[in-house]
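Okay, here's what each chain looks like letter by letter:
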Amino acid sequence: MIPFLLRRSLHLIPTLIGISLISFFLMQLAPGGPVDQIADMNPHVTPEAKARIRSDLGLDRPIPAQYVSWVKRMAFLDFGTSFTDGRPVIRKISERLPATILLNILSIGLMILLALPIGWLSAIRANSLFDKAMTVLVFVGFSMPTYALALWLMILFGLNLGWLPISGWSSLNFIEVPLWRKALDIAQHLIMPTLVLGLTSLAGLSRYARNSLLEVIHQDYIRAARAKGLSFRRVYGVHAARNALIPMVTLVGLMLPDIIGGGVIIETIFAYPGIGRLGYEAIMTRDYNLIMALTVISAALTVLGNFLADALYAYADPRIRYK
Amino acid sequence: MSQTSLLLEGRGLSKAFPIEGGVFRHQVGSVQALRDVSFRISKGETLAVVGGSGCGKSTLARIISGLLPPDAGTLQWDGQSMAGWRRLDRARRIQMIFQDPFASLNPKLSIGTQLREVVRLAGATAAEERGRCEQLLKSVGLSGDALSHYPFQFSGGQRQRIAIARALAMKPALLIADEPLSALDVTIQAHILELLKELKKTYALTVLFISHDLAVVDSFADRVIVLQNGGVVEEGPVDTLLSCPRHAHTRALLDAVPRIPD
């Protein structure tokens, strides 16, 4: 297992280099640049002044040299400063990170907790009324635009019933209240965004779980397990689960980048102070350093998610770890 | 084979599988996999069930082992109805070997895990478990090292030996072998057949042997029933049935056996 993981982690190196290359040069190709962004604000900036800013920022150097120094800084998590307020990008991101991670872990957790039982019960009782009803419900959730569901929930629970707050992630009096009230306050703010994100992404995983288990329970080794006289729980919980879970590991592993970038629309609608909204604002204001940082971080998370999926695969499938 | 006491009797067994089709996946027809099949197996006997593919052999095996409920018909074990039997009641008496040893072992669980869970069901204590597993593997010609390995590390013949060990772990009285040789190489087939003969003697097993290979049936079975389209067309002791078949289907099966000219 350990040698496999070490070998597999070596594969990460070329991938990460590739990601940094592509995201850097894509940015070079994009029209406009930081200097135009600064200079356009001021009509009095002369071409000479522009050139001086360029050389101050190091932008007159050869592109490969710029790339090398960018990668060097990035290796120490130095992503430069934001153009909109001059604060270090890494600070802006780390401020927003906890809120986003909390929201997305909750919603992904909710999704997995719902999707697996739904998918598995549907497979065990394939074509039953439960199976059909769940198919309909899950696809309604899937087809429903997140913003529509978000707005309806806001109208119902926020306005009509008045049970839940509809924006932000804390109330105005947050600083004054004791710790347990703070936790309760955040929890109340999280309910609706979590529900919306979790329910609308249920379809893929639950259908996948259903089909994956259906495929497995028609295999001879499941018949053999039943013929051995094993209990229902042992047949499905051990023999079938081991085999049916493996394809799902990949799917769950690929959700890891969603922990950071999953909720752009939802965070914007709920005015939730997370990374998604930060990225949205960065793109709107062409805050290049911030965009680059977010791109690289989410790309690195995708790679990491793949790596974790492979590691879980190796854990679940003896054929992989013995190779 | 002289007349000995009856172990298992099936009467009027039928099974149909629905065919679904159309826009709303409703039932558009059905396949009659078994129609009114009756049979008797005496203690210690080897009964072969032969027939072409799709004749209902495997359906019969699955009904007897409890994997499929029959639409109609009854099974009697030692004179008692099996109707109210639970899975474990059945598993203690009837065990099955499947055709494809690549499909019948769980690829994600070690051989030890797969054997130990049966040995435990069969009533072994935690202390006895390992010894019992090793003894089972030994009886099918494998070493105890196999316990820590996974199915993919074994050849087809070795896997079938493991599957046989797994079936024997419950100490069954009746062993159903559903074409246990047809997924194996010819040389391996001979070894597994020898093993089955030997185990049958050691454990005093009654065997329901499903096959389409009449040469194998000839050397292993005492009696034969011939199935065609889900129904029994001929039945009798292996010697008379194979030497002077009465039904056209049996003759067709016999003609299909490849013969190497001398």
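What you are looking at is a predicted structure, and each value in this text was computed from that prediction instead of being measured.

### A short note on the sheet that holds strand β10 (residues 231–237) of chain B
Hydrogen bonds along the backbone pair up the strands of a sheet, which may run parallel or antiparallel.
All names here are of chain B.
Logical step 1: Overall, mixed pairing links the six strands, which are arranged β6-β7-β8-β3-β9-β10 in an open sheet. Since the sheet does not close on itself, it has two edges, and those belong to β6 (94–97) and β10, each with one partner. Across the sheet, the mean angle from the axis of one strand to that of its neighbour is 15°, orientation sign disregarded.
Logical step 2: Relative to strand β9 (residues 223–228), strand β3 (residues 46–50) runs parallel, the two being bridged by four bridges. Of the residues in β9, the one forming a bridge with A48 is V224.
Logical step 3: The strands that helix α1 (residues 57–64) touches are β3, β6, β7 (174–178), β8 (206–211) and β9; relative to β7, the one it contacts most, it runs at about 150°.
Logical step 4: Along the sheet face, helix α9 (residues 248–255) touches β3, β9 and β10 and points at about 105° away from the line of β9.

### Here we look at the sheet that holds strand β1 (residues 6–21) of chain B
Residue and element names in this part refer to chain B.
Logical step 1: Strand order across the open sheet formed by four strands is β2-β1-β4-β5, with antiparallel pairing between neighbours. For this open sheet the edge positions go to β2 (26–42) and β5 (80–81), each flanked by a neighbour on one side alone.
Logical step 2: Bridge count between β1 and strand β4 (residues 72–77): five bridges; the pairing is antiparallel. The residue of β4 that forms the bridge with R11 is T74.
Logical step 3: In the packing of α1 onto the sheet, the strands contacted are β1, β2 and β4, and the crossing angle to β2 comes to about 70°.

### Quick notes on the interface of chain B and chain A
How large an interface is tends to be reported as the accessible area lost when its parts come together.
Logical step 1: Contacts between the two partners involve 29 residues from chain B and, on the opposite side, 24 residues from chain A.
Logical step 2: The contact between chain B and chain A buries some 2,500 Å² in all, and 55% of this surface belongs to carbon and sulfur atoms.
Logical step 3: At the junction of chain B with chain A, the criterion picks out two salt bridges.
Logical step 4: One salt bridge in this structure joins E117(B) and R234(A), with 2.5 Å as the shortest N-O distance.
Logical step 5: At the junction of chain B and chain A, the tally comes to 12 residue pairs in polar contact (both at pLDDT 80 or more).
Logical step 6: Looking at which element gives the most residues to the side of chain B that touches chain A, the answer is helix α3 (residues 111–121) of chain B, with five residues.
Logical step 7: Of the residues belonging to the side of chain B that touches chain A, the class tally is 14 nonpolar, eight polar and seven charged.

### As for the pattern of salt bridges
All names here are of chain A.
Logical step 1: A complete count under the given rule lists 22 salt bridges over all chains for this structure.
Logical step 2: Among the salt bridges present, the one from R87 reaches E95, with a minimum N-O distance of 2.2 Å.
Logical step 3: Residue R87 is classed as partly exposed on the basis of its relative accessible area, which comes to 27%.
Logical step 4: Overlapping salt bridges, with partners in common, bring together D85, R87, K92 and E95 in one network.

### What about the domain arrangement of chain A?
All names here are of chain A.
Logical step 1: Per the domain assignment, the segments of chain A are domain 1 (2–75) and domain 2 (93–322).
Logical step 2: Using C-alpha coordinates to define each centre, domain 1 is positioned 33 Å away from domain 2.
Logical step 3: Interface area for domain 1 against domain 2, summed over the two sides, is near 1,400 Å², with a carbon-plus-sulfur share of 81%.
Logical step 4: Contact with domain 2 buries area across many residues of domain 1, yet F4, R8 and M27 alone supply 35% of it, more than any other trio.
Logical step 5: Linking domain 1 with domain 2 are one salt bridge.
Logical step 6: D310 is the salt-bridge partner of R8, the closest N and O atoms lying 2.4 Å from each other.
Logical step 7: Counting every contact that joins domain 1 to domain 2 gives one residue pair in polar contact (both at pLDDT 80 or more).
Logical step 8: Of the residues forming the side of domain 1 that touches domain 2, the biggest block, seven residues, is contributed by helix α2 (residues 12–29).
Logical step 9: Its residues assigned to classes, the side of domain 1 that touches domain 2 shows 11 nonpolar, six polar and one charged.

Cut-offs and rules
- Residues numbered from 1 in each chain as written.
- Chains lettered and ligands numbered in written order.
- Predicted model: local features only at pLDDT ≥ 70, side-chain atom pairs only at ≥ 80, totals over all residues.
- Heavy atoms only, no water.
- Pairing = 2+ DSSP bridges.
- Helix = DSSP H or I, 4+ residues; strand = E, 2+ residues; numbered from the N terminus.
- Axes fitted to C-alpha atoms, helices over the stretch in contact; angles between N-to-C directions.
- Contact = heavy atoms within 4.5 Å.
- Buried area = accessible area lost by both parts, 1.4 Å probe.
- Salt bridge = Lys/Arg side-chain N within 4 Å of Asp/Glu carboxyl O.
- Polar contact = N/O pair within 3.5 Å; in protein donor to acceptor, adjacent residues only side chain to side chain.
- Nonpolar A, V, L, I, M, F, W, Y, C, P; charged D, E, K, R; others polar.
- Buried < 20%, exposed > 50% of the residue type's maximum accessible area, 1.4 Å probe, protein only.
- Domains from an automatic or database assignment.

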